[in-house]
Amino acid sequence: MKKIFLLIIMSCFNFLVTFAQSNNGVEMATGLRSSGKIYVVVIVLLIIFIGFIIYLFTIDRRIGKLENKDKNIK
């Protein structure tokens, strides 16, 4: 039941996002692209995303170690 509900919600969201997009170019993106600054924006976003992924993996390791430690105590 949860999977079906989630599928319906995601489908509605996808439907809304496709209508929210317009065919007109975004002026800010066009300006950034023409001046070459869009690459700086993309690199910064990639660095933030990679840092977030590394942070999640380290948290997962720490939780795993604590769970193993808890199992050994019991």
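These figures come from a predicted structure and were not determined experimentally.

Trainee: Please explain the overall build of the protein as it appears in this structure.
Mentor: What the protein contains, in helices and strands, is three helices and zero strands. Listed N to C, the secondary structure of the protein is α-α-α in terms of helices and strands. Within the protein, the fraction of its 74 residues that count as buried is 0%. With the model as given, the accessible surface of the protein reaches about 7,600 Å², and the carbon-plus-sulfur share is 70%.

Trainee: Before we go on, may I ask you to explain a nonpolar patch on the surface in this structure?
Mentor: Taken together, the side chains of Val 40, Val 41, Val 44, Leu 45 and Ile 48 make up a nonpolar region of the molecular surface, amounting to roughly 430 Å² of accessible area. Assignment of secondary structure puts Leu 45 in helix H3 (residues 38–73). Residue Leu 45 is classed as exposed on the basis of its relative accessible area of 53%.

Procedures and definitions
- Residues numbered from 1 in each chain as written.
- Predicted model: local features only at pLDDT ≥ 70, side-chain atom pairs only at ≥ 80, totals over all residues.
- Heavy atoms only, no water.
- Helix = DSSP H or I, 4+ residues; strand = E, 2+ residues; numbered from the N terminus.
- Buried < 20%, exposed > 50% of the residue type's maximum accessible area, 1.4 Å probe, protein only.
- Areas by Shrake-Rupley, 256 points an atom, 1.4 Å probe, with all protein chains shown as cover.
- Patch = residues over 30% accessible without salt bridge, like charges linked within 9 Å, V, L, I, M, F, W, Y side chains within 5 Å.
- Salt bridge = Lys/Arg side-chain N within 4 Å of Asp/Glu carboxyl O.

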